[in-house]
Amino acid sequence: MEVFPDTSVDASATGFVLSQIPRKGGPILWAQDRLSRYQAGEPCLAGLGTSLPVLHAALKRPADVLWALEEGLRCSGLSGVIGEIWGDPAVLDFTATKRLALRAEASGVPVWLIRRSCVPNLSAARERWRIAAMPSSPHPDDAQAPGQPRWRLELFRSRWRKPGVWIASYDRKTRRLRLSDQFSDGSVADHEETFGQSAVG
Amino acid sequence: MDRWRITRKRSAKALWDDTPFVLTREGHHGEVIHAVNAPARTLGMARDARLVDMRALCPNLRAQPADPKGDHEALEKLVFWARRWCPWSAIDGEDGFVLDTTGADHLFGGETAMLADMEARLSAIGLSVRLAIAPTWGAAWALARYGRNDHEICSPGDLAQRLAPLPVSALRLDDKTLLLLRRLGLKTIGMLADVPRLSLARRFSRAQLQANPLLRLDQAMGDMAEPISGPREAPRFLATAGLLEPLQDPTPYLPTLSQDVCTKLDAQGWGARRVCLRIYRTDGEVRILEAATSSPSRDTDHLVRLFDGNLERLDPGFGFDLITLEAVVAEPLSVAQPSLDAPAQEEVHLSRLIDRLSARFGTGVIAWPTPRDSHIPERAQGPVSALGNNPKSLAGVPRTRPLRLLDPPEPVGVLYAVPEGPPAQFVWRRQVHRIARHQGPERIAPEWWRARSGTRLRDYYCVEDKSGRRFWLYREGLPDDGWGGDPHWYLHGMFA
């Protein structure tokens, strides 16, 4: 699965990926290349909102990240594998994405590739998402403060289901992603619809 | 009993030969002396005296804390080194060791020559020693510590005669028994030996070995056996492949070498923690590759895979003709039988994954980020090397913290309505963000016990810009806190 944040400094893609990692109990392998680390920061434990341990790999080149992801996908004890790659390196071609997708399907470990400041080229990723931050929902106690995060999720390529656009709000405490439709005038209808685990497979 | 034993005693390391120097350890009432050098001994300093008293006695006394653990480790190494003279050796007490040199002295040209050789070699590595050869362990111990000279050689015939003038404390007895013997008026070993055996046996019949002068006397005189049980040297796991012609690529030889090492490990019931591949080039250079494992392993494929990707970086030059693979560090690994209904072990275990990642990218790169006891956000988590450590669960106090942290925090230009208030707009990486909503401040004071003086407090704001991106900004200091001019603003993290 590939995720494209709208702007490179946006952490909403990270939040969405974390909300989709199944809670099997095993650790998460999190590999970053050098530019991703410097430009977009490292994961902060206290803010992750997950109790799963994180195996962090601070690597240099995108090729190293791809190697580490492939190794991680051989280990079915992991809950998930997250990779972050900056830009459009030559090693991240169709073959590389296909290897990742096939390995993930063989082992049952979900792999999420967060790609920043790049163009979505040809890829064998089973699902491709484009994610942007939206103004957050109102805070229940403080009108001035940002409330629960809201994201605009665009599934623009999928092998299994219809692509679409959703507005999602995420509750960190209950770890639930609530989906809403967007009206043409930009307002948001807040009706209950949950986003099943099967939808992201 | 025809065994010749040698005891060696180590005194304080002689760093300064002319000034009095002592090693100290923590006692009940301040520091006490652990060991002294020769000038200090002539001034009357002794073990277990208090350092402050001795300082009063001798103002130019130099002292350093002792390192008993390090001393013991050094002694353990020295015991194996001392097996150059004989096949059996063991640690004896905290500052000596014993060698069983039965039948070994003629290799060095007699006892005197062997003793001289020992002294020369030990003083060459900077140790002052007292040596004694005696028919029994007990006698050698006594003569080395209480003998008149630094070298004592005692033949079986005059054993009783040589031991007789020594004090009873040379019999390796505990303090209570020594006090009792002193009260009984038995000061030397000779006096003790003259007492009728029956009366001593009646008194000490139930005492343990350390409290029983009769048994200790028998051991020293050779009437009671006292075998030496020395530590065994750790086995070495090494496989070599000598090649007939120089080659450029070592890859085809790795599986065989790994198989050899694993067979050896398996025979002893050990597993490798660190493996070292040495490749000897024809032009006289050696290339060394090391890899570590997070748990002991003797799996052939796994050991081979640890070197994946690293072999290409080797510079073979004109080729190499010898390859060795050695398990440098190994630990006992017992065979565990999986339960009958366990799934087949096709999958790669998590520890194997960590091994491979660490072997390829280096041990410092693969880490478990672990919470630490600090309020400063960048100090609240720290990397713990994944090799040999287990992950901790991350259950902690829920706080408003961002998802990602920038390291280091990046300076931003900020517009604000009031200097102490929240920001209204900020410029970061040449982009203007207009702030729509904010929350804060959350004030985090510097840790005065570790921060430099002049470190300013931080006011953290959680802000959201017009397009909905959420950031974590902080203002370092207050406008009038007296620690410098106007406070600077930094961006420290991003929220989801």
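Residues numbered from 1 in each chain as written. Chains lettered and ligands numbered in written order. Predicted model: local features only at pLDDT ≥ 70, side-chain atom pairs only at ≥ 80, totals over all residues.

## Digging into the overall build of chain B
The criterion, for reference: Counting from the N terminus, the helices are DSSP H or I runs at least four residues long and the strands are E runs at least two residues long. Whether a residue is buried, exposed or partly exposed follows from its count of other C-beta atoms within 10 Å of its own C-beta, namely 20 or more, 12 or fewer, or something in between, respectively; the C-beta atoms are built from the backbone.
Within chain B, the regular secondary structure consists of 13 helices and 20 strands. In chain B, which comprises 496 residues, the share counted as buried stands at 32%.

## So, the interface of chain B and chain A
Threshold: Distance between backbone-placed C-beta atoms decides contact: two residues are in contact if it is within 7 Å. A pair of strands is considered paired only if DSSP assigns at least 2 bridges between the two.
Across the boundary between the two partners, chain B contributes 45 residues, which contact 43 residues of chain A. Where strand E3 (residues 42–43) of chain A lies against strand E15 (residues 404–416) of chain B, 2 bridges are found, and the strand directions are antiparallel. If you follow A:Glu42 over to E15(B), its bridge partner there is B:Leu405.

## Some remarks on the sheet that holds strand E3 (residues 30–36) of chain B
Working definition: the strands of a sheet are paired by backbone hydrogen bonds and lie parallel or antiparallel to each other. Residue and element names in this part refer to chain B. Heads up, the condition is: All axes here are fitted lines through C-alpha atoms, helices being fitted over the stretch that makes contact, and every angle between N-to-C directions spans 0 to 180 degrees.
Overall, mixed pairing links the 3 strands, which are arranged E3-E2-E4 in an open sheet. Taken across any chain shown, the strands that pair with only one partner, and hence form the sheet edges, are E3 and strand E4 (62–65). Along the sheet, successive strands turn relative to each other by an average axial angle of 45°, direction set aside. Pairing of strand E2 (residues 21–27) with E3 involves 6 bridges; the strand directions are antiparallel. The partner of Gly27 across the bridge, within E3, is Gly30.

## Side note on the nonpolar core
Definition in use: The nonpolar core criterion groups buried Ala, Val, Leu, Ile, Met, Phe, Trp, Tyr and Cys residues into a set whenever they are joined through C-beta atoms within 7 Å.
Residues A:Val3, A:Leu55, A:Ala57, A:Leu69, A:Val111 and B:Leu473 are the most contacted members of the largest nonpolar core, which totals 85 residues. Broken down by element, the residue count for this core peaks at 6 residues, all from helix H4 (residues 62–73) of chain A. Those residues in contact with A:Ala57 that sit more than four places away from it in its chain are A:Leu29, A:Trp30, A:Ala31, A:Ala68, B:Leu357, B:Phe361, B:Val365 and B:Ile366. Residues B:Leu131, B:Ala139, B:Ala140 and B:Trp141 belong to the second largest nonpolar core, which totals 31 residues.

## Brief notes about unusual backbone geometry
Residues and elements named next belong to chain B. Geometrically, the link from Asp407 to Pro408 is a cis peptide bond, its omega value of 0° lying close to zero. Residue placement: Pro408 occurs in strand E15. Each neighbour pair has its own omega, and for Gly440 with Pro441 the value is 0°, a cis peptide bond. The residue Pro441 is located in strand E17 (residues 431–444) in this model. One non-glycine residue, Asp48, lies in the positive phi region at around 75°. With respect to the element layout, Asp48 can be found in the loop between helix H1 (38–42) and helix H2 (51–57). Residue Arg429 is not a glycine yet carries a positive backbone phi of 50°. With respect to the element layout, Arg429 can be found in the loop between strand E16 (423–428) and E17. On the basis of neighbour count, Arg429 is assigned to the exposed category, with 11 C-beta atoms found within 10 Å.

## What to know about the environment of A:Arg37
Residue and element names in this part refer to chain A. Mapped onto the secondary structure, Arg37 falls in helix H2 (residues 34–40). The partly exposed category is assigned to Arg37, around which 19 C-beta atoms lie within 10 Å. When the C-alpha positions of Arg37 and Ala58 are compared, they lie 7.7 Å apart, and in sequence the two are 21 residues distant. The contacts of Arg37, once residues within four sequence positions are left out, are Gln32, Glu42 and Ala58.

## As for the environment of B:Phe237
All names here are of chain B. Here Phe237 lies in strand E9 (residues 237–247). Sequence-wise, Phe237 and Ala272 are 35 residues apart; in three dimensions their C-alpha atoms are separated by 8.9 Å. Those residues in contact with Phe237 that sit more than four places away from it in its chain are Val261, Lys264, Leu265, Glu326, Ala327 and Ala330.

## Some points on the pairing of strand E8 (residues 150–158) of chain A
Residues and elements named next belong to chain A. Judged from the 8 bridges that link them, strand E7 (residues 127–134) and E8 form a sheet pairing that is antiparallel. Paired with Met134 across the strands is Arg150, a residue of E8. Two strands pair when backbone bridges link them, and E8 and strand E9 (residues 164–171) are joined in this way by 6 bridges, in the antiparallel orientation. Paired with Arg152 across the strands is Ile167, a residue of E9. Between E8 and E9, which pair antiparallel and follow one another directly, the connecting turn spans 5 residues.

## Considerations on the pairing of E17(B)
Both faces of the sheet carry side chains from a regular strand, because those side chains alternate between them. Residues and elements named next belong to chain B. The pairing of E16 with E17 spans 4 bridges and is antiparallel. Considered in E17, the bridge of Trp428 is made with Gln431. The antiparallel hairpin formed by E16 and E17 contains 2 residues in its connecting segment, where Arg429 sits at a positive phi of about 50°.

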